[in-house]
Amino acid sequence: MSARTDTATKPESQTRKLYVKTYGCQMNVYDSERMAETLADQGYESVDSPDHADLVLLNTCHIREKAAEKVYSDLGRLRKLEKERGKSMQVGVAGCVAQAEGEEIVRRMPQVDLVVGPQAYHRLPDMLSALEDGKGTQVITDFPVEDKFSDLPATRKSSGPTAFLTVQEGCDKFCAFCVVPYTRGAEYSRPAKHILAEASRLVESGAREITLLGQNVNAYHGEGTGGDWTLARLVREMAEIDGLARIRYTTSHPNDMSDDLIAAHGEIDRLMPFLHLPVQSGSDRILKAMNRKHDADSYRRLIDRIREARPDIALSGDFIVGYPGETDEDYEDTLRLIKDIQYAQAFSFKYSPRPGTPATGAEQISEDIKAERLAGVQEALGKSQAAFQNACIGQTMPVLLDRHGKFAGQMMGRSPYLQNVHLPADTERRGEIVMVKITEAHKNSLGGECITAP
Ligand code: 5AD
Ligand code: SF4
């Protein structure tokens, strides 16, 4: 943070230190990496703490009130740090809070030097030059999503065996509780050839598993050879990339789970047997109020069809409790759905009113009831997750070793079902896919023994 025209903020050395803090979803993780790459070209070296940083970027999330408010407390903390260390830093707010609140952030926190919305990251170098030229606080929250992808550097490298790749951004669904259509804008799909080129670069630099990202990823309809491609077509083509062992995608909407995508789960070995398919509620009345455009039984039938195509598929979901108007009966319907589906894992949240969304003005359910229902939903989800974890004991499954474990001689990896697996293994084996016999099941991880020869 600096006085806007304070030239003393210019770093003395050539290499400047950049710290990016990421909040929220995987798309923000991807965007943070892309921002760091863009700024690496400008001489910024990424560091993993703000302590000595010259530039701090907060890549923020606006999905729930708590996430958005955290940004302001972190900004306060940075101001304190700056005073303590006696050296100024530049601070930027990026991501969905930047998009939603724009100039308001600078009014509330005048020390902020730049505010950049998610579609404008390619303009960061210009914004930083303008700051250095003393042009004052920079705020850009435009929406030209195509420019962002084509103007970000095409030098993408993977930092490990697993990587994210954004293929689609924005959402046209307008669920009544959700800010995404406003912060990320209308649905946009990247051209397939750009995605395939980026995927190949990631694989060349060590990625063995790629997760395709989009707020509504299964609505993907990017330009490809012979017309627009569906997500299923994109996955089929990606599965031809030599060296790419695993493909995942997230997040999906039930209404975009097309026949060809369901079939792909049964036909493409490299497409991992895991699907995050949020339903939000098990009550038809609430689903209608949420503008979800599906009901609980159509979701059940959809899951049946997906399981027919890929019987061992692990399912994940998102749930909101305490939506305006939710009765005890509606809540019971949600518990019933959770029991019926048997999720391998899932996220659940108390409804949080978001500015500008249709549901925000409605009468709120009390905090106590929200808390009670959240606990009930989490208990039901916990049971079904535990059943899924326990059923893995005795199974042998391929695990992608992607990081060191907590202890010496231990590696962590990912099962096909997106579980963390720890096992004794040489750290040199990072990036290998090994067969592991599962011997232990914990709440959020599995333990096992490698049965693949070293
Ligand atoms: N309140 C609570 N949870 C929300 N989500 C989205 N908007 C809200 C909100 N206003 C949840 C949904 C979505 C996930 C990413 O966040 O469950 O699927
Ligand atoms: Fe938000 Fe997902 Fe609904 Fe789009 S489909 S409005 S991103 S919850």
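Refer to the structure above for everything that follows.
A few points on the structure. Just so we're clear, the structure is a prediction, and the values are computed from it rather than from any experiment. Residue numbers here run from 1 along each chain, matching the order of that chain's written sequence. Lettering of chains starts at A and numbering of ligands starts at 1, both following the order in which they are written. For this predicted model, a pLDDT threshold of at least 70 governs which residues receive local features, and a threshold of 80 or more governs which side-chain atom pairs are given and counted, while totals over whole chains, interfaces and linings are taken from all residues. Side-chain descriptors were evaluated using all non-hydrogen atoms of the structure, hydrogens and water having been removed beforehand.

## Topic: the pattern of salt bridges
For step 1, the next point in the chain: The rule for a salt bridge is simple: a side-chain nitrogen of Lys or Arg has to be within 4 Å of a carboxyl oxygen of Asp or Glu. Per the stated rule, a full pass over the model turns up 31 salt bridges.
For step 2, the next point in the chain: The salt bridge partner of Asp54 is Lys87, with a shortest N-O separation of 3.1 Å. One end of the pair, Asp54, is in the loop between strand S2 (44-46) and strand S3 (55-60); the other, Lys87, is in the loop between helix H2 (65-85) and strand S4 (90-94), and 33 residues separate them in sequence.
For step 3, the next point in the chain: Among the residues examined, Asp54 registers a relative accessible area of 12% and is labelled buried.
For step 4, the next point in the chain: Members of the salt-bridge network, linked through shared partners, are Glu209, Arg246, Arg248, Asp402, Arg403 and Arg414. A run of DSSP states H or I qualifies as a helix once it reaches four residues; a run of E qualifies as a strand once it reaches two. Both are numbered from the N-terminal end. Burial classification: accessible surface area is computed with a 1.4 Å probe over protein chains only, and a residue below 20% of its type maximum counts as buried, one above 50% as exposed, and the rest as partly exposed.

## Some words on the site of ligand 1
For step 1, the next point in the chain: Note on terminology: near, applied to a residue and a molecule or strand, indicates that one of the residue's heavy atoms is within 4 Å of it. Taken together, Ile63, Arg64, Phe177, Gln280, Asp318, Ile320, Phe349, Lys350, Tyr351, Ser352 and Arg354 are the residues near ligand 1.
For step 2, the next point in the chain: Any N or O atom pair separated by 3.5 Å or less is treated as a polar contact, with the protein-specific requirement of one donor-capable and one acceptor-capable atom, and with residues adjacent in sequence counted only for side-chain atom pairs. A distance of 2.9 Å separates an oxygen atom of ligand 1 from a polar side-chain atom of Arg64.
For step 3, the next point in the chain: Here Phe177 contributes a backbone N or O atom positioned 2.9 Å from a nitrogen atom of ligand 1.
For step 4, the next point in the chain: Protein coverage of the free-state accessible area of ligand 1, which is 400 Å², stands at 87%. To measure how exposed things are, a 1.4 Å probe is used in the Shrake-Rupley method; for residues, cover is taken only from the protein chains shown.

## Some points on the packing of helix H13 (residues 328-341) against helix H14 (residues 367-390)
For step 1, the next point in the chain: Here H13 crosses H14 at 15°, and the two axes come no closer than 9 Å. Taken together, the axes of H13 and H14 are roughly parallel relative to one another. Along this stretch, H13 crosses H14, giving a crossing that reads as right-handed. Where H13 approaches H14, its residues Asp328, Tyr331, Thr334, Leu335 and Ile338 are matched on the opposing element by Glu372, Arg373, Gly376, Val377, Ala380 and Leu381. Orientation is described by axes fitted as lines to C-alpha atoms, over the contacting stretch for helices, and by angles from 0 to 180 degrees between their N-to-C directions. We call two directions roughly parallel when the angle between them is under 35 degrees, roughly antiparallel when it is over 145, roughly perpendicular when it lies between 65 and 115, and oblique otherwise. Working rule for handedness: look at the near helix, and if it is turned counterclockwise from the far one by less than a right angle, call the crossing left-handed; if clockwise, right-handed. We call two residues in contact whenever any of their non-hydrogen atoms come within 4.5 Å of each other.

## Regarding the sheet that holds strand S15 (residues 314-321)
Strand-to-strand pairing in sheets goes through backbone hydrogen bonds, with the strands running parallel or antiparallel.
For step 1, the next point in the chain: Pairing between strands is defined by DSSP: at least two bridges between them are needed. On the basis of which strands lie adjacent, the open sheet formed by 3 strands has the order S14-S15-S16 and parallel pairing. The open sheet terminates on both sides in strands that have one partner only, identified here as strand S14 (274-276) and strand S16 (345-350). With direction set aside, neighbouring strand axes in the sheet form an average angle of 10°.
For step 2, the next point in the chain: Pairing analysis gives 3 bridges linking S14 to S15, with the strands arranged parallel. In the strand pairing of S15, Leu275 is matched with Leu315.

## Section: the packing of aromatic side chains
For step 1, the next point in the chain: The pairing test for Phe, Tyr and Trp rings, Trp by its six-membered ring, is centres within 6.5 Å, and the orientation test on the planes gives stacked under 30 degrees, edge-to-face over 60, and tilted for anything in between. Enumeration according to the criterion identifies 5 aromatic pairs in this entry.
For step 2, the next point in the chain: Ring pairing ties together the aromatic residues Phe177, Tyr323 and Tyr351, which thus form one cluster.
For step 3, the next point in the chain: The rule is short: NZ of Lys or CZ of Arg within 6 Å of the ring centre and within 35 degrees of the ring normal puts a charge over the ring. When the ring centre of Phe349 is taken as reference, the NZ or CZ atom of Arg64 above it lies at 3.6 Å.
For step 4, the next point in the chain: Over the aromatic face of Tyr72 sits the side chain of Arg108, whose NZ or CZ is 3.5 Å from the ring centroid.

## Structural notes on the site of ligand 2
For step 1, the next point in the chain: In the vicinity of ligand 2, the contacting residues are Cys171, Lys173, Phe174, Cys175, Phe177, Cys178, Val180, Pro181, Asn216, His253 and Arg292.
For step 2, the next point in the chain: Any residue outside Ala, Val, Leu, Ile, Met, Phe, Trp, Tyr, Cys, Pro, Asp, Glu, Lys and Arg is labelled polar, Gly included; the first ten of those are nonpolar and the last four are charged. Across the shell around ligand 2, the residue classes tally to 7 nonpolar, 2 polar and 2 charged.

## Digging into helix H9 (residues 231-238)
For step 1, the next point in the chain: When H9 is considered as a whole, its buried residues turn out to be Leu231, Ala232, Leu234, Val235 and Met238. For H9, the buried positions fall inside an angular range of 160° around the axis, keeping them on one side. The arc in question is traced by the directions running from the helix axis to the C-beta atoms.

## Notes on unusual backbone geometry
For step 1, the next point in the chain: The residue after Thr250, namely Thr251, is reached through a cis peptide bond having omega 0°.
For step 2, the next point in the chain: Turning to its location among the elements, Thr251 is positioned in the loop between strand S13 (246-250) and helix H10 (259-267).
For step 3, the next point in the chain: Even without being a glycine, Phe174 presents a positive backbone phi close to 55°.
For step 4, the next point in the chain: The class of Phe174 is partly exposed, set by a relative accessible area of 37%.
For step 5, the next point in the chain: Positive phi, close to 60°, is recorded for Asn291, a residue that is not glycine.
For step 6, the next point in the chain: Here Asn291 lies in the loop between helix H11 (284-289) and helix H12 (296-309).

## Re the nonpolar core
For step 1, the next point in the chain: Ranked by size, the top nonpolar core spans 53 residues in total, and within it Ile210, Leu212, Leu231, Leu234, Tyr249 and Tyr343 carry the most contacts.
For step 2, the next point in the chain: Ranked by residue count, the leading element in this core is helix H8 (residues 192-204), at 6 residues.
For step 3, the next point in the chain: With near-sequence residues (within four places) excluded, Leu212 lies in contact with Leu165, Val167, Val217, Leu231, Leu234, Val235, Met238, Ile247, Arg248, Tyr249 and Thr250. Buried residues of nine kinds, namely Ala, Val, Leu, Ile, Met, Phe, Trp, Tyr and Cys, make up a nonpolar core once their side-chain atoms join them within 4.5 Å.

## Overview of the state of the cysteines
Defined simply, a disulfide is a covalent bond joining two cysteines at their sulfur atoms.
For step 1, the next point in the chain: Cysteine sulfur atoms that come within 2.5 Å of each other are treated as a disulfide pair. Tallying each qualifying case throughout the model produces 0 disulfides.
For step 2, the next point in the chain: Among the cysteines around Cys61, which has no disulfide bond, Cys25 carries the closest sulfur, lying 6.4 Å off.
For step 3, the next point in the chain: Left without a disulfide partner, Cys392 is nearest to the cysteine sulfur of Cys450, which lies 17 Å away.

## Observations concerning the packing of H8 against H9
For step 1, the next point in the chain: Axis separation between H8 and H9 bottoms out at 11 Å; the angle between their running directions is 35°. The element H8 and its partner H9 pack so that their crossing is right-handed. Within the contact between the two elements, H8 uses Ala192, Ile195, Leu196 and Ala199 and H9 uses Leu234, Glu237 and Met238.

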